[in-house]
Amino acid sequence: MTVIDLRGLTCPEPIIKLRKEMSKFKPGDVVEVLTTDPGTMIDIPIWAGNSGIVVLECKREGDHIKFVLKKI
């Protein structure tokens, strides 16, 4: 699984970089995304819902937030 590491970035950088990275994937691809900005727990699911991305997982893990996203 590909990991996109967005730790250390603050709004709006995580969404900008995530949008760019996700454009490289094909439908069906699953990606793990790591962030530290607490706002991404709201921002990424909203962005995903408008972008043909399904959030399979969203949870805090230690000092970061882990998302598992699937492009549809």
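For the structure itself, consult the block above.
All figures in this text were calculated on a predicted structure; none of them were measured in a lab. (Residues numbered from 1 in each chain as written. Predicted model: local features only at pLDDT ≥ 70, side-chain atom pairs only at ≥ 80, totals over all residues. Heavy atoms only, no water.)

**Student:** Please set out the packing of helix H1 (residues 13–22) against helix H2 (residues 40–49) residue by residue, giving values where relevant.
**Tutor:** Across the interface, H1 lies against H2 with an axial gap of 11 Å and an inter-helix angle of 35 degrees. In this structure, the crossing between H1 and H2 has a hand that is right-handed. Contact residues: H1 offers Pro-14, Ile-15, Leu-18, Arg-19 and Met-22, while H2 offers Thr-40, Asp-43, Ile-44 and Trp-47. In terms of residue class, the contact of H1 with H2 is made up of six nonpolar, one polar and two charged. (Axes fitted to C-alpha atoms, helices over the stretch in contact; angles between N-to-C directions. Helix = DSSP H or I, 4+ residues; strand = E, 2+ residues; numbered from the N terminus. Left-handed = near helix turned anticlockwise from the far one by under 90°. Contact = heavy atoms within 4.5 Å. Nonpolar A, V, L, I, M, F, W, Y, C, P; charged D, E, K, R; others polar.)

**Student:** Tell me about the pairing of strand S1 (residues 2–6), residues and numbers included.
**Tutor:** The two faces of the sheet receive side chains in turn, since in a regular strand these alternate between them. Pairing of S1 with strand S2 (residues 30–35), which is carried by five bridges, proceeds in the parallel orientation. Counterpart to Asp-5 in the pairing with S2 is Leu-34. (Pairing = 2+ DSSP bridges.)

**Student:** Please set out the sheet that holds S1 residue by residue, giving values where relevant.
**Tutor:** Strand order in the open sheet formed by four strands is S1-S2-S4-S3, with mixed pairing between adjacent strands. In this open sheet, the two edge strands, each paired with only one partner strand, are S1 and strand S3 (53–61). On average, each strand axis in the sheet is tilted by 20 degrees relative to the strand beside it, whichever way the strands run. In terms of strand pairing, S2 meets strand S4 (residues 64–71) through six bridges, oriented antiparallel. Pairing of Val-31 across the sheet is with Leu-69, part of S4. Docked against the sheet, H1 engages S1, S2, S3 and S4, running at close to 155 degrees with respect to S1. Sitting on the sheet, H2 touches S2, S3 and S4, and the angle it makes with S4 is about 5 degrees.

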